[in-house]
Amino acid sequence: MGKYIVRRILQMIPVVIGATFLIYAMVFAMPGDPTAGKCGERPCPPAYVAAFNAKYNLNDPLPVQYGKYMANVAQGDLGENQYGIPVSEDLKDRFAVTAKLAGMALVIEGVIGILAGALAGLRKGGFLDNLVLVSTLFVISVPVFVTGFTLQYILGLNLGIVPPLVGADATFYSLLLPAVVLGSLSMAYIARLMRTNIGENYKSDYVRTAKAKGLKQSRIIGVHTLRNSLIPVITFMGYDFGGLLGGAIVTEGIFNIHGVGGYIFEGIHNRDGLAVVGAVTVLVIIYLVANLIVDLLYGVLDPRISHD
């Protein structure tokens, strides 16, 4: 197990370097003035431009710029945004909100998706199976922003069941509706994935053997069928967690959530390169760590899987 973890961490290094270099090059090597918009509608004075380029090493070749930036990142310095505030301080508060939102979305999509998929898989061809298939197809077909605005209008503005906007005070109650919207698409995929897996595993030889031994139906489903069916679902959820963290831009915009997605959007809109690169760098690292944890969970779900 120890060797496996070390090997996976070593494999992460080129992925982190490749992904961060790509986003760094996209932000700083593209044509255009990186100081545009930082002095209002007028061009910045030459002295300001020279100081800006010297501060962020923009006069150096791109690989050198990137190397100096990553050396600072390794020391916990993600640079400063256009207002002179350290990016790490900005992300500290915003990541707490986005992580809470993504965690709630992951729980909602996991619980509802697995339960709906398991019931549909065990009752293939029945009313519940058809209901799950139709409802998940509907959710997949509708864009997330349409789902978000519709639920916000009906549940938030019309019925007043949940707050229509979140704002600065991101409580669990106020994040409930955004979490449902954020996790809705993945919830539909999990339900369909779980339905297929449990349907196939329920017809497997080892399940027939368990039935022949006279084991209880609850043990056959709960231990032998459900456990094996969860492996690809856990894999999907692990990958999805990173996507939820970075892909909440639309949901955060609809519900006025001050999270990482909105921070990246503002950074792109204001051409704040260090803010964008810093946020994406942290997202890449979190995504890789989440996938490492998922791989380690394989051995817990199925002891036949060895990491050595």
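This is a predicted model, so every value here is computed, not measured.

About the cut-offs
The residue numbering used here restarts from 1 in each chain and proceeds along that chain's sequence as written. Under the rules for a predicted model, residues below a pLDDT of 70 receive no local features and side-chain atom pairs below 80 are neither given nor counted, while totals for whole chains, interfaces and linings still include all residues. Water and hydrogen atoms play no part in the side-chain values, which are based on all heavy atoms of the structure. Helix and strand labels come from DSSP, where a helix needs a run of H or I of at least four residues and a strand needs a run of E of at least two; each type is numbered from the N terminus. Categorising residues by exposure relies on relative accessible area from a 1.4 Å probe, with only protein chains included: less than 20% of the type maximum marks a residue as buried, more than 50% marks it as exposed, and the intermediate range marks it as partly exposed. The charged-residue count follows a simple rule in which Lys and Arg add positive charge and Asp and Glu add negative charge, with His and chain termini not counted at all. The atoms used to mark charge sites are NZ of Lys, CZ of Arg, CG of Asp and CD of Glu. A residue's pLDDT is the predictor's confidence in that residue, given on a scale from 0 to 100. UniProt positions are given in the numbering used here, feature names are shortened, and annotations may be inferred rather than shown by experiment. For a helix, the expected span equals 1.5 Å multiplied by the residue count minus one. The reported arc concerns the directions from the helix axis to the C-beta atoms and nothing else. Contact between two residues is taken to exist if any of their heavy atoms lie within 4.5 Å; hydrogens are not considered. Any Lys or Arg side-chain nitrogen found within 4 Å of a carboxyl oxygen on Asp or Glu counts as a salt bridge. For helices, the fitted axis covers only the stretch in contact; all axes are lines through C-alpha atoms, and the angles between them, taken along N-to-C directions, range from 0 to 180 degrees. Angles are sorted into four bins: roughly parallel if under 35 degrees, roughly antiparallel if over 145, roughly perpendicular if 65 to 115, and oblique for all others. Crossing handedness follows the turn of the near helix against the far one: under a right angle anticlockwise gives a left-handed crossing, and clockwise gives a right-handed one. Think of it as three bins: nonpolar holds Ala, Val, Leu, Ile, Met, Phe, Trp, Tyr, Cys and Pro, charged holds Asp, Glu, Lys and Arg, and polar takes everything else, Gly as well. Two axes enter the bend calculation: one fitted to the seven residues ending at the residue in question, the other to the seven starting there, and the bend is the angle between them. In these notes, a set of buried Ala, Val, Leu, Ile, Met, Phe, Trp, Tyr and Cys residues joined through side-chain atoms within 4.5 Å is what counts as a nonpolar core.

Novice: How should the overall build of the chain be read in this particular structure?
Specialist: Along the backbone of the chain there are twelve helices and one strand. Helices and strands in the chain line up, N terminus first, as α-β-α-α-α-α-α-α-α-α-α-α-α. Overall, the C-alpha framework of the chain stretches about 85 × 55 × 30 Å when taken along its three principal axes. Residues counted as buried form 42% of the 308 residues belonging to the chain. Between the averaged position of the 23 positive side-chain charges in the chain and that of its 20 negative side-chain charges there is a distance of 14 Å.

Novice: What is the right way to look at the confidence of the model for the chain in this model?
Specialist: A low pLDDT score tells you not to read the predicted coordinates there in detail. Overall, the predicted model of the chain reaches an average pLDDT of 83, with 92% of residues at or above 70. Looking across the chain, the model is least confident in strand β1 (residues 38-41), with a mean pLDDT of 68, and most confident in helix α5 (residues 127-141), with 92.

Novice: Hey, could you run me through the UniProt feature "transmembrane region" (unreviewed entry) in the chain in this one?
Specialist: Sequence positions flagged by UniProt for "transmembrane region" (unreviewed entry) are, in local numbering, residues 12-30, 101-122, 131-155, 175-194 and 274-294. Across residues 175-194 one finds 100% helix and 0% strand; the C-alpha atoms that close the span lie 26 Å apart. Structurally, residues 274-294 is divided into 100% helix and 0% strand, and its ends, taken at the C-alpha atoms, are 30 Å apart.

Novice: Honestly, α5 in this entry has me stumped. Any pointers?
Specialist: Residue pairs three or four apart in sequence face the same way in an α-helix, which turns once every 3.6 residues. Taking 1.5 Å as the rise per residue, α5 with 15 residues should run 21 Å; its terminal C-alpha atoms sit 21 Å apart, in good agreement. Those residues of α5 that fall on the buried side of the exposure criterion are D129, V132 and T136. One side of α5 holds all its buried residues, which, seen down the axis, span an arc of 65°. Seen from the buried face of α5, the exposed residues on the opposite side, beyond 90 degrees, are F127, V134, F138 and S141. Tucked into the core, α5 has its buried residues touching α4 (87-122) and α7 (172-201).

Novice: Sorry if this is basic, but what is going on with the pattern of salt bridges here?
Specialist: Between side chains of opposite charge, a pair can form as their charged atoms come close. Following the criterion strictly, the structure yields four salt bridges and no others. Note that E266 and R94 form a salt bridge whose closest N and O atoms lie 3.7 Å from each other. Taken as a pair, E266 in helix α11 (residues 260-269) and R94 in helix α4 lie far apart in primary sequence, 172 residues in all. Residue classification places R94 among the buried residues on the basis of a relative accessible area of 17%.

Novice: Can you walk me through the packing of helix α6 (residues 144-158) against α7 in this structure?
Specialist: Helix packing geometry: the angle between the two helix axes and the distance between the axes. Close contact between α6 and α7 brings their axes to 9 Å; oriented N to C, the two are set at 155°. In this view, α6 runs roughly antiparallel relative to α7, as classed from their interaxial angle. Crossing handedness for the pair α6 and α7: right-handed. Two secondary-structure elements touch here, α6 through V144, T147, G148, L151, Q152 and L155 and α7 through L177, V181 and S184. For the contact of α6 with α7, the residue count by class is five nonpolar, four polar and no charged.

Novice: Explanation requested: α7 in the structure shown.
Specialist: With 30 residues, α7 extends just 37 Å between its outermost C-alpha atoms, more than 12% less than the 44 Å of an ideal straight helix rising 1.5 Å per residue. Considering bend angle alone, the principal kink of α7 is centred on S184 and spans about 50°.

Novice: Looking at this structure, how should I read the nonpolar core?
Specialist: A general tendency of soluble globular proteins is for nonpolar side chains to be buried together. Counting residues in hydrophobic clusters, the biggest one holds 60 residues, and the most contacted among them are Y69, L91, L101, L175, F255 and I257. Of all elements in the fold, only α1 (2-28), α3 (62-74), α4, α7, α9 (217-246), α11 and α12 (273-301) reach the threshold of two or more residues within this core. Leaving out residues up to four positions away in the same chain, F255 has contacts with G148, Q152, P164, L165, V166, G167, L177, P178 and V181.

Novice: Is there a simple way to explain the environment of A50 in this structure?
Specialist: Position of A50 relative to the elements: it lies in helix α2 (residues 46-55). Overall, A50 belongs to the partly exposed group, its relative accessible area being 46%. Residues A50 and I268, 218 residues apart in the sequence, show an inter-C-alpha distance of 22 Å.

Novice: Is there a simple way to think about the packing of α4 against α11 in this case?
Specialist: Orientation of α4 relative to α11, taken along the N-to-C sense of each, is 135°, at an axis distance of 8 Å. In terms of their interaxial angle, α4 and α11 are classed as oblique. Contact residues: α4 offers V87, D90, L91, R94, F95 and T98, while α11 offers V260, G261, G262, Y263 and E266. For the contact of α4 with α11, the residue count by class is five nonpolar, three polar and three charged.

Novice: It is not clear to me how the environment of P178 should be interpreted in this structure. Could you clarify?
Specialist: As for its placement among the helices and strands, P178 is situated in helix α7. Residues P178 and L101, spaced 77 residues apart in sequence, show a C-alpha to C-alpha distance of 7.5 Å. Excluding residues that lie within four positions of it along the chain, P178 makes contacts with L101, V166, T251, F255 and I257.

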